[in-house]
Amino acid sequence: MGVEKSSAWKALLEHSNAGASSQKLMDLFKDESRSERFSIDLEEMFLDYSKNRITDQTLELLLDLATQQQLPNWIEKLLSGEEVNDTEHRSAMHAALRAGGANVKGKAKDVQVQIETEFKKMSLIVEKIRSGHWRGFSGKPITDVVNIGVGGSDLGPLMMTNALQTIKSPINLHFISSIDGTQTSNILKNLNQETTLFLLASKSFTTIDTLSNAETAKDWLAEVVDDADTLLSQHFIGVSTKPDMMSEWGIPKDNQLVFWDWVGGRYSMWSTIGLPIALQIGMSGFREMLEGASVMDKHFGEAPLSRNIPVLMGLIDVWNINFLGIHAKAILPYDARLKYLPSYFEQLVMESNGKSVNRSGEKVAYKTCPILWGEVGPNAQHAFYQLLHQGTQPVMCDFIAPVERDDFDAHGLTEKEGSLRYQHELALANCFAQSRVLMLGDAAIPDAIKAQFDSPFKHYPGNQPSNTILLKSISAKTMGMLVALYEHKTFVESVIWEINPFDQWGVELGKLIAKETHAAIKDTKKAEEFDASTQGLIKRVI
Ligand code: F6P
C-alpha cells in the first residue's frame, strides 16, 4: 500500500483541506511565541523554521507520519550500516567516515580500521605536498594541484574549498570537471608542468568526462616529461574505489587513495575524495569538518523527532510539496564563499530523491523531490527574485548566512576601514528583508510608502515559506554540520516517500546513448539509426 493511502497521510490531507493550506503566515505570527517555539539552536547553528505555513497541529500530524513510516528505525538502519540501498545491496555509511565513527554503530563501527588506515595514508600525502616535499619531474616543489573529477568527485571539494577560502593554503587548487575541455585548456595554459600535480578522482573510474580530461592532462605533461613512469609517479594521484583500474591506468600504488562502495558519490567528500579539502585546510582542518558532521549525526540519531533539525526540515518540505503543492526549492546563501553550495545540494538532493518508483518497484502516486536550484542570495535578488515575489509558481526557500566574518583582515581590509563589515551587514540585512517580504507580501510595505505600491503591478502576495539557517561563522566545523544536515534531511524525505535515495539508475542510459551518438558523429552512416531530429543535429556538426 502506498503511503498516500495511509491514515497519517490522509489526516494531513484533511488538515490541509480543512484550511491549513490556505492559512496566511502573517496571521500565524499573531502568536508572539511562534518564532521562539519554531526555532532550534545546535552548537554554532541556529534554525528558524517559523516562516513555514505550519501550526502545532501540522507538526503533530507530520510527526505521526514519520512514526507511521518508522523513521526512527530507518535512522537506526542508516547509522548502523545496514543495507539501505536495496537496488545495489549496499549500506550508505558516509556517517562512518566522521569523527572516528563516534556516532555510528554496527557495521558502521566495523569499518573504522580501514577508514583510519586510508586517512593516515591521506594525511602523509597531504603533509608531503603542503610541506613542499612532493617534487615534480624537475625537482621543484608542487605549487598547483588540479582535481579532475565530476559530480560527487568534484562538487564537494569544490564547494568546501571555496567556502573555506579564507584559510590560507600553501597550495593553489584548481578543479576540472566538464567534458568539453574548456576548463582544462583555461587552467592548464596558466600552469607549469614542473610544479603541477593532478588528482584523478572517480569512484567508478569509468566516467568519460574524467578520463578524457585526465588523458588531456597526461598529454600536457608528456610535452615536457619523456619518462612515463616519472610523469605518473610524480604528477598523478588517484582516488577511487577501483585500485586495479587505477594501476591499469598507470597510477602507482603509493599514489592511490581508496574509498568504498558503501560511500555514495554524492556523499563522498568525507572520504579520500576530500583530498583537495585537506590540501586547502590541512588534515586537522579536514577532521574538524568531519567533527562538525558528526555533531549533526549525533543530533540526528538522538534528538527527539520533534526537536530534530533534519527531521523537521525534511517533514516540513514534505508538507510543502505533498500538501501545499510547492514543487520548487531555492537555496540562497548570503555569502559568496558559499557560491557552490547550491550546485552541491542540486546533486545531493535531486540525484538522491529525483525518483518516481518506490522501494517495491511501484510507480509512486505522489510528488517526490522538488526542482532545487539556487544562487548567492544578494546576486539572486538581481536575477530571479522577481519570480519568487510575483511569479505564478510557489517556491520554498532556504536562507543560509554566517553571523560573523572572521576574515576581515584576510581581504587586506582591516575592521577599522569597516567596508567589509559594512558589506557583511548589508548581506544580513538583505537576507532578513527578503524572507520577511516573501512571508508578509504587501503587509511588509511600510505605511509611509504604501501609496507608492498602490498598483496591481506592485502587489506582493507573500505567503512563500522559508527556513533561515544562521551559522556562527563559516568554518570547517559549521560547514560539516550544514552538509550533514542536508544529507540527513534528504534521507528523511526518502523514508516518507518510500524511495531509495542512494542509487541513481536514471543517469545511466544517457551515458550509453552518448557512446552511440559519438560513434555517429565519427561515422555518419551510423546516424541513420536515430530519429530525424538527432540525425539532423548530427549532420550539422560533422
Ligand atoms: O553520473 C552520475 C554519477 O555517477 C554521480 O553519481 C557521480 O558522483 C558522478 O557520476 C561521478 O562518478 P565517478 O566518481 O564514478 O566518476
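Above this text is the structure in question.
For clarity, every value in this text was computed on a predicted model and none was experimentally measured.

A. Inspection of the overall build of the chain at higher detail. Helix and strand counts for the chain stand at 21 helices and 13 strands. Taking 542 residues into account, the globule formula puts the C-alpha radius of gyration at 24 Å, and the chain, at 25 Å, falls close to it. Within the chain, the fraction of its 542 residues that count as buried is 54%. Within the chain, contacts between residues at least 6 apart in sequence are counted, and of these 74% link residues at least 24 apart. Only carbon and sulfur atoms are counted for the fraction: they give 54% of the accessible area of the chain, which is about 23000 Å².

B. Looking closely at helix 4 (residues 56-68). The end-to-end C-alpha distance of helix 4 is 18 Å, a good match for the 18 Å that 13 residues give at a rise of 1.5 Å each. Those residues of helix 4 not exposed but buried are Thr58, Leu59, Leu61, Leu62, Leu63, Leu65 and Ala66. Of the surrounding secondary structure, the elements contacted by the buried residues of helix 4 are helix 1 (7-17), helix 5 (71-79), helix 14 (309-323) and helix 19 (476-497). Trailing helix 4 by a residue or two, Gln70 shows a phi angle of about 55°, which is positive.

C. Layout of the sheet that holds strand 12 (residues 396-402). Across the sheet, 6 strands lie side by side as 1-2-13-12-10-11; this open sheet has mixed pairing. Both edges of this open sheet fall to strand 1 (39-42) and strand 11 (371-374), since each of them pairs with a single strand only. Taking the axes of each pair of neighbouring strands and ignoring which way they run, one obtains an average angle of 15° across the sheet. Pairing of strand 1 with strand 2 (residues 45-48), which is carried by 4 bridges, proceeds in the antiparallel orientation. In the strand pairing of strand 2, Ser39 is matched with Asp48. Contacting strand 10 (328-333), strand 11 and strand 12, helix 15 (residues 341-353) crosses the sheet at an angle of about 165° to strand 11.

D. Representation of the site of the ligand. Close to the ligand lie 13 residues, the nearest being Ser153, Ser202, Ser204, Thr207 and Glu351. Here Ser204 contributes a side-chain N or O atom positioned 2.7 Å from an oxygen atom of the ligand. Contact between the ligand and Glu351: an oxygen atom at 2.7 Å from a side-chain N or O atom of the residue. Alone, the ligand offers 390 Å² of accessible surface; in the complex the protein occludes 87% of this. Residue classes in the shell around the ligand are distributed as 2 nonpolar, 8 polar and 3 charged.

E. Representation of the side chain of Thr468. Looking at the element boundaries, Thr468 is found in strand 13 (residues 466-471). Of the residues examined, Thr468 reaches a relative accessible area of 7% and is grouped as buried. Residues contacting Thr468, with those up to four places away along its chain left out, are Phe46, Leu47, Asp48, Phe399 and Ser435.

F. Fine view of the environment of Pro252. The residue Pro252 is located in the loop between helix 12 (243-249) and strand 9 (256-258) in this model. Between the C-alpha atoms of Pro252 and Gln234, which are 18 residues apart in sequence, the distance is 9.6 Å.

G. Geometry of the packing of helix 8 (residues 155-163) against helix 15. For the pair helix 8 and helix 15, interaxial distance at closest approach is 9 Å and the crossing angle is 150°. The orientation of helix 8 with respect to helix 15, classified from their angle, is roughly antiparallel. Crossing handedness for the pair helix 8 and helix 15: left-handed. Taking contact as the criterion, the partners of Leu155, Gly156 and Met159 in helix 8 are, on helix 15, Leu341, Ser343, Tyr344 and Gln347. Classifying every residue of the contact of helix 8 with helix 15 by side-chain character gives 4 nonpolar, 3 polar and no charged.

H. Fine view of the environment of Ala20. Inspection of the secondary structure puts Ala20 in the loop between helix 1 and helix 2 (25-28). Ignoring any residue separated from it by four or fewer positions in sequence, one finds Ala20 in contact with His15 and Trp319.

I. How the structure looks around a nonpolar patch on the surface. The grouping of Leu509, Leu512 and Ile513 at the surface amounts to a nonpolar patch, some 280 Å² of accessible area in total. Mapped onto the fold, Ile513 is located in helix 20 (residues 508-522).

J. Structural context of the pairing of strand 2. Joining the antiparallel neighbours strand 1 and strand 2 is a turn of 2 residues, in which Glu43 adopts a positive phi near 45°. In terms of strand pairing, strand 2 meets strand 13 through 4 bridges, oriented antiparallel. Of the residues in strand 13, the one forming a bridge with Met45 is Leu471.

K. Representation of the pattern of salt bridges in the model. Counting across every chain of the model gives 31 salt bridges. In this structure, the salt-bridge partner of Arg266 is Glu351, at a minimum N-O distance of 2.8 Å. One end of the pair, Arg266, is in the loop between strand 9 and helix 13 (275-302); the other, Glu351, is in helix 15, and 85 residues separate them in sequence. With relative accessibility at 23%, the residue Glu351 sits in the partly exposed group.

L. Just the state of the cysteines, in detail. Under the criterion given, the structure shown has 0 disulfides. No disulfide involves Cys397; its sulfur sits 10 Å from that of Cys431, the nearest cysteine.

M. Quick peek at the sheet that holds strand 5 (residues 144-148). One open sheet accounts for 5 strands, arranged 6-5-7-8-9; its pairing is parallel. Every other strand in the sheet has two partners, leaving strand 6 (172-176) and strand 9 as the edge strands with one partner each. On average, each strand axis in the sheet is inclined to that of its neighbour by 20°, with strand direction left out of account. As judged from the 4 bridges shared by strand 7 (residues 196-201) and strand 8 (residues 236-240), these two strands associate in the parallel manner. Note on strand 8: the bridge partner recorded for Phe198 is Phe236.

N. Molecular detail of the side chain of Asp154. Among the secondary structure elements, Asp154 is positioned in the loop between strand 5 and helix 8. With no salt bridge to any partner, buried Asp154 finds its closest opposite charge in Lys339, at an N-O distance of 13 Å. Discounting chain neighbours no more than four positions away, the residues touching Asp154 are Asn147, Gly149, Phe175 and Ser177.

The rules we used
Residues numbered from 1 in each chain as written. Predicted model: local features only at pLDDT ≥ 70, side-chain atom pairs only at ≥ 80, totals over all residues. Heavy atoms only, no water. Helix = DSSP H or I, 4+ residues; strand = E, 2+ residues; numbered from the N terminus. Rg over C-alpha atoms; globule rule 2.2 N^0.38 Å. Buried < 20%, exposed > 50% of the residue type's maximum accessible area, 1.4 Å probe, protein only. Contact = heavy atoms within 4.5 Å. Areas by Shrake-Rupley, 256 points an atom, 1.4 Å probe, with all protein chains shown as cover. Expected span 1.5 Å × (residues − 1). Pairing = 2+ DSSP bridges. Axes fitted to C-alpha atoms, helices over the stretch in contact; angles between N-to-C directions. Near = heavy atom within 4 Å. Polar contact = N/O pair within 3.5 Å; in protein donor to acceptor, adjacent residues only side chain to side chain. Nonpolar A, V, L, I, M, F, W, Y, C, P; charged D, E, K, R; others polar. Parallel < 35°, antiparallel > 145°, perpendicular 65-115°, else oblique. Left-handed = near helix turned anticlockwise from the far one by under 90°. Patch = residues over 30% accessible without salt bridge, like charges linked within 9 Å, V, L, I, M, F, W, Y side chains within 5 Å. Salt bridge = Lys/Arg side-chain N within 4 Å of Asp/Glu carboxyl O. Disulfide = S-S within 2.5 Å. Lys, Arg positive; Asp, Glu negative; His and termini not counted.

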